[in-house]
Amino acid sequence: MSDTNFQFLCPEWPDLHEAAVKAEALAYSDARSACFYARRTLELAVHWLYKYDPALKLPYRENLSALIHEPTFRKAVGPVTFAKARLIKEVGNLAVHSPKPMRQFDALTATRELFHFCFWLARSYARGTKPADGLAFNPDLLTKAAPVSGPTQEQLERLETQLRERDEKLAGLFRDKTALD
């Protein structure tokens with residue numbers, strides 16, 4: 001038995017697994033950070049999809065909102081999975097940009113919807129073993145720690161900027177490698 005809902009990501013998507021487990025671990029103790037990491041995981045997954053699925057057409061902008069609203073993406077994921085992606089993006093944006101407190105309900109919802117999105121990804125794109133049909137989100141696997149004072153909104157905004165800059169550098173290196181190949 002795994003101690004995480006996201007174990008099925010580990011073999012093929014270790015970076016998604018790492019970010020998803022952070023969201024899962026913080027769902028009870030730090031709602032703002034959990035929502036941030038759920039959005040971060042979604043963003044990594046969506047970028048992976050655009051990189052490896054030739055049917056997806058890049059939109060005019062490469063931000064998460066434009067990527068998930070692009071018609072080829074919406075068609076590929078279907079209306080239910082699209083709604084889950086949109087919810088995760090919106091709650092994650094609130095976590096980073098809104099001064100209002102984030103509710104534990106938001107973190108739990110974002111984590112559960114992230115599980116469903118990642119399950120769809122793995123069932124649709126895994127080259128190796130796919131998650132079992134009956135695999136379901138298990139809230140009992142979430143760490144039940146007392147709420148703590150997590151990062152401030154400003155700290156999350158800085159982290160988001162740092163991660164975006166790192167992602168842009170990695171994308172540039174990938175483009176350079178592709179050009180050399």
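The preceding data block contains the structure.
Residues numbered from 1 in each chain as written. Predicted model: local features only at pLDDT ≥ 70, side-chain atom pairs only at ≥ 80, totals over all residues. Heavy atoms only, no water.

(A) Layout of the nonpolar core. If you look at the biggest cluster of nonpolar residues, it comprises 50 residues, and the most contacted ones within it are Val46, Phe73 and Phe117. At the level of secondary structure, the elements contributing two or more residues to this core comprise helix 1 (14-26), helix 2 (31-52), helix 3 (64-69), helix 4 (71-97) and helix 5 (104-125). Ranked by the residues each element gives to this core, the list is headed by helix 2, at 13 residues. Every residue in contact with Val46, bar those within four places of it in the chain, is listed here: Leu64, Leu67, Ile68, Phe73 and Phe117. (Core = buried A, V, L, I, M, F, W, Y, C linked by side-chain atoms within 4.5 Å. Buried < 20%, exposed > 50% of the residue type's maximum accessible area, 1.4 Å probe, protein only. Helix = DSSP H or I, 4+ residues; strand = E, 2+ residues; numbered from the N terminus. Contact = heavy atoms within 4.5 Å.)

(B) Structural context of the pattern of salt bridges. Scanning the model with the defined rule gives eight salt bridges in all. Residue Glu12 pairs with Arg127 through a salt bridge whose shortest N-O separation is 3.9 Å. Residue Glu12 is located in the segment before helix 1, and its partner Arg127 is located in the loop between helix 5 and helix 6 (153-180); the two are separated by 115 residues in the primary sequence. Residue classification places Glu12 among the partly exposed positions, given a relative accessible area of 23%. What makes Arg127 exposed here is its relative accessible area of 72%. In this structure, Glu90 engages Arg86 in a salt bridge whose closest nitrogen and oxygen atoms are separated by 3.1 Å. Pair noted here: Glu90 and Arg86 are both in helix 4, with a separation of four residues, about one helical turn. The partly exposed category is assigned to Arg86, whose relative accessible area is 35%. (Salt bridge = Lys/Arg side-chain N within 4 Å of Asp/Glu carboxyl O.)

(C) Main features of the environment of Trp48. Position of Trp48 relative to the elements: it lies in helix 2. For the pair Trp48 and Leu121, spaced 73 residues apart in the sequence, the C-alpha separation amounts to 10.0 Å. With residues up to four places along the chain from it excluded, the contact list for Trp48 reads Trp13, Leu121 and Tyr125.

(D) Quick look at the side chain of Arg32. With respect to the helices and strands, the residue Arg32 is situated in helix 2. For the buried Arg32, no salt bridge exists, and the shortest N-O distance to an oppositely charged side chain is 6.2 Å, to Asp30. In this structure the side chain of Arg32 is engaged in a polar contact, spanning 2.7 Å, whose partner is the backbone oxygen of Ala95. (Lys, Arg positive; Asp, Glu negative; His and termini not counted. Polar contact = N/O pair within 3.5 Å; in protein donor to acceptor, adjacent residues only side chain to side chain.)

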